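So you can see what is in the structure, the chains are spelled out below.
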Amino acid sequence: MELDDVVKAVGPRLRAMRQERGTTLAELSKSTGISVSTLSRLESGGRRPTLEMMLLLADAYQVQIDELIDAPVTGDPRVHMRPVKRHGMTYVPLSRRPGGLQAFKQIYPPGWPGYEPEQQVHEGYEWLYVLSGRLRLLLGKHHVVLAAGEVAEFDTRTPHAFVNEADGHTEVLALFGPQGERMHVRARPTAR
């Protein structure tokens, strides 16, 4: 695909993305700081987008810039994310797209956090799979110890917290979704 073709396709992609989300040009203008007339010209192809505009739009839509421009596939499907350390834990992002379902590998150090944590609540839904070690899930009045190979899922509006009860690191695969969006696990494919 030629560069000119990629640039010409940006406008219709931006319009389709905005319409899919039910957002008006005025609402998008308010969230990005880009004027309504400029947004309209971008969508109609009357103006070429700048990198700054694309960054603002990607942030507003919670997508990677690649998705806005329909970048050609590089042939490398791997997700290259940097681990983040927060509150003594390591989070390794396993998905690229912000918003929607997000996947992380979480590594809890031995004895983490070192005290009985206060349970927290937030919007969303969580599914977790213990890869190694033992994780105590405090879920309201219930306390459940999950061992390697065990799975839990819960509405994150339920007060919850985690404790690493293992002598070593505990590794967990965690999926987070927006409120009401649940993960579905099938043991076997359905018959057709």
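Structural data are supplied above this passage.
Residues numbered from 1 in each chain as written. Predicted model: local features only at pLDDT ≥ 70, side-chain atom pairs only at ≥ 80, totals over all residues. Heavy atoms only, no water.

### Focus on the sheet that holds strand S6 (residues 142-147)
Backbone-to-backbone hydrogen bonds pair the strands of a sheet. The strands run either parallel or antiparallel.
Phase 1: One open sheet holds the three strands; their spatial order is S6-S5-S8, and the pairing between them is antiparallel. Each having just a single partner strand, S6 and strand S8 (160-164) make up the two edges of the open sheet. For this sheet, the mean inter-axis angle between neighbouring strands, taken without regard to orientation, is 20 degrees.
Phase 2: Examined bridge by bridge, strand S5 (residues 134-139) and S8 share five bridges and lie antiparallel to one another. Each bridged residue has a counterpart across the sheet, and for Leu138 the counterpart in S8 is Ala161. (Pairing = 2+ DSSP bridges. Helix = DSSP H or I, 4+ residues; strand = E, 2+ residues; numbered from the N terminus. Axes fitted to C-alpha atoms, helices over the stretch in contact; angles between N-to-C directions.)

### With respect to helix H3 (residues 36-44)
Phase 1: Taken residue by residue, H3 has Thr38, Leu39, Leu42 and Glu43 as its buried positions. Burial along H3 is one-sided: seen end-on, the buried residues are contained in an arc of 135 degrees.
Phase 2: Note on H3: the residue one or two positions beyond its end, Gly45, has a positive phi of about 90 degrees. (Buried < 20%, exposed > 50% of the residue type's maximum accessible area, 1.4 Å probe, protein only. Arc of directions from axis to C-beta.)

### Some remarks on the nonpolar core
Phase 1: Counting residues in each nonpolar core, the largest one holds 16 residues, and the members touching the most others are Tyr108, Leu128, Leu135, Leu137, Leu146, Phe162 and Val172.
Phase 2: At the level of elements, strand S2 (89-93), strand S3 (102-108), strand S4 (125-132), S5, strand S7 (151-155) and strand S9 (170-177) are the ones that each hand at least two residues to this core.
Phase 3: Ignoring any residue separated from it by four or fewer positions in sequence, one finds Leu135 in contact with Tyr108, Leu128, Val130, Val144, Val145, Leu146, Phe162, Val163, Asn164, Thr170 and Val172.
Phase 4: Listed in part, the 15 residues of the second largest apolar core include Met17, Leu42, Met53 and Tyr61. (Core = buried A, V, L, I, M, F, W, Y, C linked by side-chain atoms within 4.5 Å. Contact = heavy atoms within 4.5 Å.)

### What about the packing of helix H2 (residues 25-32) against H3?
Between two packed helices, what matters for the description is the angle formed by their axes and the separation of those axes.
Phase 1: Between H2 and H3, whose axes approach to 9 Å, the crossing angle comes to 115 degrees. Between H2 and H3, the crossing angle belongs to the class labelled roughly perpendicular. Helix-helix and strand crossings are classified by hand; for H2 and H3 the assignment is right-handed. Contacts from Leu25, Ala26, Leu28, Ser29 and Thr32 in H2 reach Val36, Leu39, Ser40 and Glu43 in H3.
Phase 2: Here the contact of H2 with H3 is composed, by residue class, of five nonpolar, three polar and one charged. (Parallel < 35°, antiparallel > 145°, perpendicular 65-115°, else oblique. Left-handed = near helix turned anticlockwise from the far one by under 90°. Nonpolar A, V, L, I, M, F, W, Y, C, P; charged D, E, K, R; others polar.)

### Thoughts on the pattern of salt bridges
Phase 1: One pass over the structure, following the stated rule, counts six salt bridges.
Phase 2: We note a salt bridge from Glu43 to Arg18, for which the minimum N-O separation is 2.7 Å. Note that Glu43 is positioned in helix H3 and Arg18 in helix H1 (residues 3-20), a separation of 25 residues in sequence.
Phase 3: Between Lys105 and Glu171 there is a salt bridge, with the nearest N and O atoms lying 3.1 Å from each other. Taken together, the residues span a long stretch of sequence, with Lys105 in strand S3 and Glu171 in strand S9 at a distance of 66 residues.
Phase 4: According to the relative accessible area criterion, Lys105 is partly exposed, its value standing at 25%.
Phase 5: Note on Glu171: relative accessible area 24%, which makes it partly exposed. (Salt bridge = Lys/Arg side-chain N within 4 Å of Asp/Glu carboxyl O.)

### Focus: the sheet that holds S2
Phase 1: Taken in spatial order, the six strands make up an open sheet running S1-S2-S3-S9-S4-S7, and their pairing is antiparallel. With one partner strand each, in any of the chains shown, strand S1 (84-86) and S7 form the two edges of the open sheet. Ignoring strand direction, the axes of neighbouring strands in this sheet form an average angle of 25 degrees.

Any link to function would need more than the numbers given here.
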